[in-house]
Amino acid sequence: QMATLEKQVIAEMAAQNASRSRASRMKANGSSTDADSDSDISVDSEAPLFTDDESDPLAVAMETIHRRVLEGFVNWCKYVADGLRTPAAVDKRALRSYAEAVQKNHGRQVSRLFAEALLLRVLESLGE
């Protein structure tokens, strides 16, 4: 699982680099027509889309991978928090804050994000 997660992070870094390169080439060429737009590419609306060039590519890639890996947890938290028959013992605000923390994980330690994503993947693998 660790090797797979590492490969995903490397692939995400390469994808971000390619996107940045393409955007800079388009900007240099003055291309901004609809034919050159990326409207056919699916973009995670919660993710910061390729922030400034000085941001750490590893951190941005790991934030994206972490968000994708924990997407199911986020949806479960929202579903339970918004449920009509949620037991009184469940803290709905805590569930919403967990979901928000995963979606806005910018600035967290890369090693922590990697460990959380790896732990979830290992647990899912064991469950299978």
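Since the model is a prediction, treat every value here as computed from it, not as a measurement.

Rules of the game
- Residue positions are counted from 1 within each chain, in the order its sequence is given.
- The model is predicted, so local features are restricted to residues of pLDDT at least 70 and side-chain atom pairs to those at 80 or more, both for listing and for counting; the totals for chains, interfaces and linings are taken over all residues.
- Just so you know, side-chain values use all the structure's heavy atoms and leave hydrogens and water out.
- Remark: nonpolar core denotes a set of buried residues (Ala, Val, Leu, Ile, Met, Phe, Trp, Tyr, Cys) joined through side-chain atoms within 4.5 Å.
- For each residue, the accessible area found with a 1.4 Å probe, counting protein chains only, is set against the maximum for its type, and the residue is called buried under 20%, exposed over 50%, and partly exposed in between.
- Strands are runs of DSSP state E lasting at least 2 residues, helices are runs of H or I lasting at least 4, and numbering of each runs from the N terminus.
- Whether two residues are in contact is decided by their heavy atoms: any pair within 4.5 Å suffices.
- The axes are straight lines fitted to the C-alpha atoms, using for helices just the contacting stretch, and the angles between their N-to-C directions are given from 0 to 180°.
- The cut-offs work like this: below 35 degrees is roughly parallel, past 145 is roughly antiparallel, 65 to 115 is roughly perpendicular, and the gaps in between are oblique.
- Two helices crossing with the near one rotated counterclockwise from the far one by less than a right angle form a left-handed crossing, whereas a clockwise rotation gives a right-handed crossing.
- Each residue receives one of three labels: charged for Asp, Glu, Lys and Arg, nonpolar for Ala, Val, Leu, Ile, Met, Phe, Trp, Tyr, Cys and Pro, and polar for the others, Gly being one of them.
- Note on aromatic pairs: the rings of Phe, Tyr and Trp (six-membered ring only in Trp) are paired at centre separations within 6.5 Å, and the planes decide the class, stacked below 30 degrees, edge-to-face beyond 60, tilted for the rest.
- Any N or O atom pair separated by 3.5 Å or less is treated as a polar contact, with the protein-specific requirement of one donor-capable and one acceptor-capable atom, and with residues adjacent in sequence counted only for side-chain atom pairs.

**Concerning the nonpolar core**
In terms of nonpolar packing, the biggest core is built from 18 residues, with Leu 5, Met 62 and Ile 65 touching the most fellow members. Elements with a contribution of two residues or more to this core: α1 (2–29), α2 (57–69), α3 (71–81), α4 (92–103) and α5 (110–127). Dropping the residues within four chain positions of it, Ile 65 is found in contact with Leu 5, Gln 8, Val 9 and Glu 12.

**Some words on the packing of α2 against α5**
In contact at an axis separation of 9 Å, α2 and α5 are set at 30 degrees when each is read in the N-to-C sense. By the criterion of interaxial angle, the relationship of α2 to α5 is roughly parallel. Of the two possible hands of crossing, α2 and α5 adopt the one that is left-handed. Taking contact as the criterion, the partners of Leu 58, Ala 59, Met 62, Glu 63, His 66 and Val 69 in α2 are, on α5, Val 110, Leu 113, Phe 114, Glu 116, Ala 117, Leu 120 and Arg 121. Here the residues of the contact of α2 with α5 are counted per class, giving nine nonpolar, one polar and three charged.

**Focus: the packing of aromatic side chains**
This structure, assessed with the given rule, holds one aromatic pair. Centroid distance Phe 73 to Trp 76: 6.4 Å. Interplanar angle 25 degrees. Geometry classified as stacked. Here Trp 76 and Phe 73 lie together in helix α3, a separation of three residues that amounts to about one turn. A relative accessible area of 34% means that Phe 73 is categorised as partly exposed. Looking at Trp 76, the relative accessible area reads 47%, which means it is partly exposed.

**Side note on the packing of α3 against α4**
Where α3 contacts α4, the two axes come as close as 8 Å, and the packing angle between them is 155 degrees. Between α3 and α4, the interaxial angle falls into the category roughly antiparallel. Remark: the crossing between α3 and α4 carries left-handed chirality. Between α3 and α4, the contacting residues are Phe 73, Val 74, Trp 76, Cys 77, Lys 78, Val 80 and Ala 81 on the first element and Lys 92, Leu 95, Arg 96, Tyr 98, Ala 99, Val 102 and Gln 103 on the second. Here the contact of α3 with α4 is built from residues that sort into ten nonpolar, one polar and three charged.

**Structural notes on the side chain of Asn 105**
For Asn 105, the location among the structural elements is in the loop between α4 and α5. Overall, Asn 105 belongs to the buried group, its relative accessible area being 1%. At a separation of 3.2 Å, a polar atom in the side chain of Asn 105 contacts the side chain of Arg 67. Aside from chain neighbours lying at most four places away, what touches Asn 105 is Glu 63, His 66, Arg 67 and Leu 113.

**Some details on the environment of Glu 71**
With respect to the helices, strands and loops of the structure, Glu 71 is situated in helix α3. Each C-alpha atom, one on Glu 71 and one on Val 102, is 8.2 Å from the other, the two residues being 31 residues apart in sequence.

**Observations concerning the environment of Leu 95**
Mapped onto the elements of the fold, Leu 95 is located in helix α4. By relative accessible area, which is 9% here, Leu 95 ends up buried. In this structure the C-alpha to C-alpha distance between Leu 95 and Cys 77, which are 18 residues apart in sequence, comes to 5.2 Å. Once residues lying within four places of it in the same chain are set aside, the contact partners of Leu 95 are Trp 76, Cys 77, Val 80, Ala 81 and Val 90.

That is the geometry; function is a separate question.
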